[in-house]
Amino acid sequence: MINIKKTERILCPSCGKHTNHEVVYEGRERIFEDKNSDIWESTTFDVLQCLGCETPTLRKKYIFSEDMDFEEIDGKNVIIPTITLWPKTDDRMLKQKYTGNSPQNVRRIYRETIEAYNSELPTLCGAGIRAVIECVCKEQGIIKEDLKDKIDALKEKGVITEVFANALHQNRLLGNEALHESTLFGDLELGTAIELIETLLDTVYETESKARLLKDMRESKKIKDGLKI
């Protein structure tokens, strides 16, 4: 183990932005060479820790002789390794929204859907988007065979508006096409669909809690200000 003190700026999975990290461990380079050819590969592992939230990140630097990228630095061609970070993190990563008032099953499926998106598993993400809606309907006591009818029942109960029901039908169709037609959706479509299920969770489970909190804060403020409630 080589203990060093240096910092680098990388994307922190917890902060959701580029922050300064201390390199707390730098492993030795491991090189594999094929004795019968000029083919070789190099692997190095580092551990970096965010200087803000203190979240650690494992970094792998990999070089393969048959697939190398170069960058000119100070007049010299320098090999640029392939970088992999764990937990996975890049500018496309989504952070889970607060869903503390949602039932446990709803929270679990939502969490797994976000993890599927962040792990670049679009088919599983599409299935998860549909499954979140299914689970919300079940928790609302809606017993229907078809998801289309379940969404319509949410609207008829007054849980969601007609406009939002139409939006959830688009999510339903996306999930159907991902599962049954093997349609490969990209980040834009999946990200938009995830925003819709987050709005659903906020509407069904969080809005009442927020309204109650706001009411309590208003009443508390009136008491402090000496006003009659």
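Residues numbered from 1 in each chain as written. Predicted model: local features only at pLDDT ≥ 70, side-chain atom pairs only at ≥ 80, totals over all residues. Heavy atoms only, no water.

**A word on the overall build of the protein chain**
Basically, it comes down to this: Each helix corresponds to a stretch of at least 4 residues labelled H or I by DSSP, and each strand to a stretch of at least 2 residues labelled E; elements are numbered beginning at the N terminus. Throughout, radius of gyration means the C-alpha value; the globule benchmark is 2.2 Å times the number of residues raised to the power 0.38. Using a 1.4 Å probe on the protein chains alone, a residue whose accessible area is under 20% of its type maximum counts as buried, one over 50% counts as exposed, and one in between counts as partly exposed. Residue contacts are counted whenever heavy atoms from the two residues lie within 4.5 Å of one another.
Summing up its helical and strand segments, the protein chain has five helices and eight strands in all. When the helices and strands of the protein chain are listed from N to C terminus, the series reads β-β-β-β-β-β-β-β-α-α-α-α-α. Scaling as 2.2 N^0.38, a compact globule of 229 residues should have a C-alpha radius of gyration of about 17 Å, whereas the protein chain reaches 25 Å, well beyond that. Judged by the C-alpha coordinates and their principal axes, the protein chain covers about 75 × 60 × 30 Å. Across the 229 residues of the protein chain, 32% fall into the buried class. In the protein chain, the proportion of contacts linking residues at least 24 apart, taken out of those at least 6 apart, comes to 48%.

**A few points about helix α1 (residues 104–118)**
Condition: Take the residue count of a helix, subtract one, and multiply by 1.5 Å to get its expected span.
Helix length check: α1 (15 residues) gives 21 Å between terminal C-alpha atoms against 21 Å at 1.5 Å per residue, within 8%. Looking at α1, one finds that the buried residues are Val106, Ile109, Tyr110, Thr113, Ile114, Ala116, Tyr117 and Asn118.

**Section: the packing of aromatic side chains**
Rules: Any pair of Phe, Tyr and Trp rings, taking the six-membered ring for Trp, is counted once the centres come within 6.5 Å. Such a pair is stacked with planes under 30 degrees apart, edge-to-face with planes over 60 apart, and tilted for the rest. Only when the NZ atom of a Lys or the CZ atom of an Arg is both within 6 Å of the ring centre and within 35 degrees of the ring normal do we say a charge sits over the ring.
Tallied over the entire structure, the rule returns zero aromatic pairs. It is lysine 60 that lies over the ring of tyrosine 62; its NZ or CZ is 5.3 Å from the centre.

**Let's talk about a nonpolar patch on the surface**
This is how it is decided: Exposure above 30% relative accessible area and the absence of a salt bridge qualify a residue for a patch, where like charges join within 9 Å and nonpolar side chains (Val, Leu, Ile, Met, Phe, Trp, Tyr) within 5 Å. Surface exposure here means Shrake-Rupley accessible area, sampled with a 1.4 Å probe, where a residue is shielded only by the protein chains that are shown. One speaks of a salt bridge when a side-chain nitrogen belonging to Lys or Arg is within 4 Å of a carboxyl oxygen belonging to Asp or Glu.
On the surface, Phe45, Leu58 and Trp86 cluster together into a nonpolar patch covering about 250 Å² of accessible area. Looking at the element boundaries, tryptophan 86 is found in strand β8 (residues 82–86). Taking the relative accessible area as the measure of exposure, tryptophan 86 reaches 36% and is therefore partly exposed.

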